[in-house]
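Architecture at a glance
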Amino acid sequence: MRVDPQNGGPGSAPRKEAARQNGEVLLAVDDVSLSFGGVKAISHVSFDIRKGEIRAIIGPNGAGKTSMLNVINGFYHPQEGTITFKGATRRKMRPHEAASQGIARTFQNVALFKGMSTLDNIMSGRSLKMHRNFFWQLLWVGPAQREEIAHRRRVEEIIDFLEIQHIRKTPVGKLPYGLQKRVELGRALAMEPELLLLDEPMAGMNLEEKEDMSRFILDVSDQFGTTIALIEHDMGVVMDLSDRVVVLDYGSKIADGTPEEVRGNQKVIDAYLGVAH
Ligand SMILES: Nc1ncnc2c1ncn2[C@@H]1O[C@H](COP(=O)(O)OP(=O)(O)O)[C@@H](O)[C@H]1O
Ligand SMILES: [Mg+2]
């Protein structure tokens, strides 16, 4: 399917306008710096993500994009700066805290349980939402049983939404790459996140797979109201999907604005052309 925001596609929804104008800030990154030994992966970067928007993070390889997602979801702890999520400011948090507060992510390199089925991988995204302990689940009685059934129903809805019914029992290691990426999105959605972090969800995909993934990302935004941060290299995809774009280069922010503003920015053009600076 072609995604055409100019022509009544899902991207043209009023959601976009609302988010672009004066949406409430869901997450703010303030003056964050992160080093690994002598390598400065992120230098004094600030930007925000508004509720309901699709926020692209772009930049050449090694720019610090993945590191930024790792700071946001607590894998890395920045030496300087703060993250404010839903009004609470912190220097660092642990990944499970980020997850329980509503941040989910997918990875640049697919990170699924390869021997497990699509269904079980997506089900694993529910683990945070399962309150009954292991003992109850082992007994498979009363509350645990009811809870398991409710989780399965939600997982089946996600499987329908992503149109992967036909592979629900297939071990994910046997699936083509594009479908593995879709299953990984399903696992993140199973957490019912408020903020979804997608690290190159379309890397390595062919055109048709990219169009499918673009459509699912827009549908997640429109139908679930999920706020999305998206790292993506394909500028066409960025133009089609995102409300605003932040551009990183060598760990610093070099531009921030609408896709049109960023595309015409000389610093951005130079960074992509590899002009020395
Ligand atoms: N765990 C790590 N240890 C050491 N250096 C790292 C680590 N993660 C990232 N880096 C370095 O930080 C910089 C930014 O990397 P990364 O965030 O992966 O960039 P991008 O995702 O934009 O390609 C690179 O120089 C990379 O080598
Ligand atoms: Mg990366």
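Quantities reported herein were computed from a predicted structural model and do not represent experimental measurements.

A word on the coordination of the magnesium ion (ligand 2)
With distances of 2.0 to 2.3 Å, the protein atoms coordinating the magnesium ion (ligand 2) are Thr-66 (OG1) and Gln-108 (OE1). Of this pair, Thr-66 sits in helix 2 (residues 65–72) while Gln-108 sits in the loop between strand 6 (103–106) and helix 4 (118–124), and the two are 42 residues apart along the sequence. By relative accessible area, which is 26% here, Thr-66 ends up partly exposed.

Details of the sheet that holds strand 2 (residues 39–50)
The strand order across the open sheet built from 4 strands is 2-1-4-5, with neighbouring strands paired in antiparallel fashion. Strands with a single pairing partner mark the edges of an open sheet, and in this sheet they are strand 2 and strand 5 (88–90). Ignoring which end each strand starts from, the neighbouring axes of this sheet average 15° apart. One ladder, built from 8 bridges, connects strand 1 (residues 25–36) with strand 2; its direction is antiparallel. Looking across to strand 2, one finds that Ser-35 is bridged to Lys-40.

Some remarks on the confidence of the model for the protein chain
Segments scoring low in pLDDT should not have their predicted coordinates read at a detailed level. Averaged over all residues, the pLDDT of the protein chain is 86; the fraction at 70 or higher stands at 85%. Taken as a whole, residues 1–12 scores under 50 in pLDDT and shows 21 contacts with residues more than four places along the chain or in a different chain.

Focus on helix 11 (residues 266–273)
By the N-cap criterion, in which a side-chain oxygen at the helix start approaches the backbone nitrogen of a residue two or three places on, helix 11 is capped by Asn-265, the distance to Lys-267 being 2.8 Å. Of the residues flanking the end of helix 11, it is Gly-274, one or two places downstream, whose phi is positive at about 75°.

Here we look at the packing of aromatic side chains
Tallied over the entire structure, the rule returns 4 aromatic pairs. With a centroid separation of 6.2 Å and an interplanar angle of 55°, the aromatic rings of Phe-161 and Phe-216 are classed as tilted. Linking Phe-161 in helix 6 (residues 142–161) with Phe-216 in helix 8 (residues 207–224), this pair joins segments that are 55 residues apart in sequence. You can call Phe-216 buried: its relative accessible area is 1%. Aromatic side chains Phe-161 and Phe-224 sit 4.8 Å apart centroid to centroid with 40° between the ring planes, which places their arrangement in the tilted category. Taken together, the residues Phe-161 in helix 6 and Phe-224 in helix 8 connect sequence positions 63 residues apart. Among the residues examined, Phe-161 registers a relative accessible area of 14% and is labelled buried. Assessed through its relative accessible area of 35%, Phe-224 is described here as partly exposed. Aromatic rings pair up to connect Phe-161, Phe-216 and Phe-224 into one cluster. The ring of Phe-224 has Arg-154 lying over it, and the distance from NZ or CZ to the ring centre is 5.8 Å.

The rules we used
Residues numbered from 1 in each chain as written. Chains lettered and ligands numbered in written order. Predicted model: local features only at pLDDT ≥ 70, side-chain atom pairs only at ≥ 80, totals over all residues. Heavy atoms only, no water. Donors = N, O, S within 2.8 Å, 3.2 Å for Na, K, Ca; no water. Helix = DSSP H or I, 4+ residues; strand = E, 2+ residues; numbered from the N terminus. Buried < 20%, exposed > 50% of the residue type's maximum accessible area, 1.4 Å probe, protein only. Pairing = 2+ DSSP bridges. Axes fitted to C-alpha atoms, helices over the stretch in contact; angles between N-to-C directions. pLDDT = per-residue confidence, 0-100. Contact = heavy atoms within 4.5 Å. Polar contact = N/O pair within 3.5 Å; in protein donor to acceptor, adjacent residues only side chain to side chain. Phe/Tyr/Trp six-rings, centres within 6.5 Å; stacked < 30°, edge-to-face > 60°. Lys NZ or Arg CZ within 6 Å of the ring centre and 35° of its normal.

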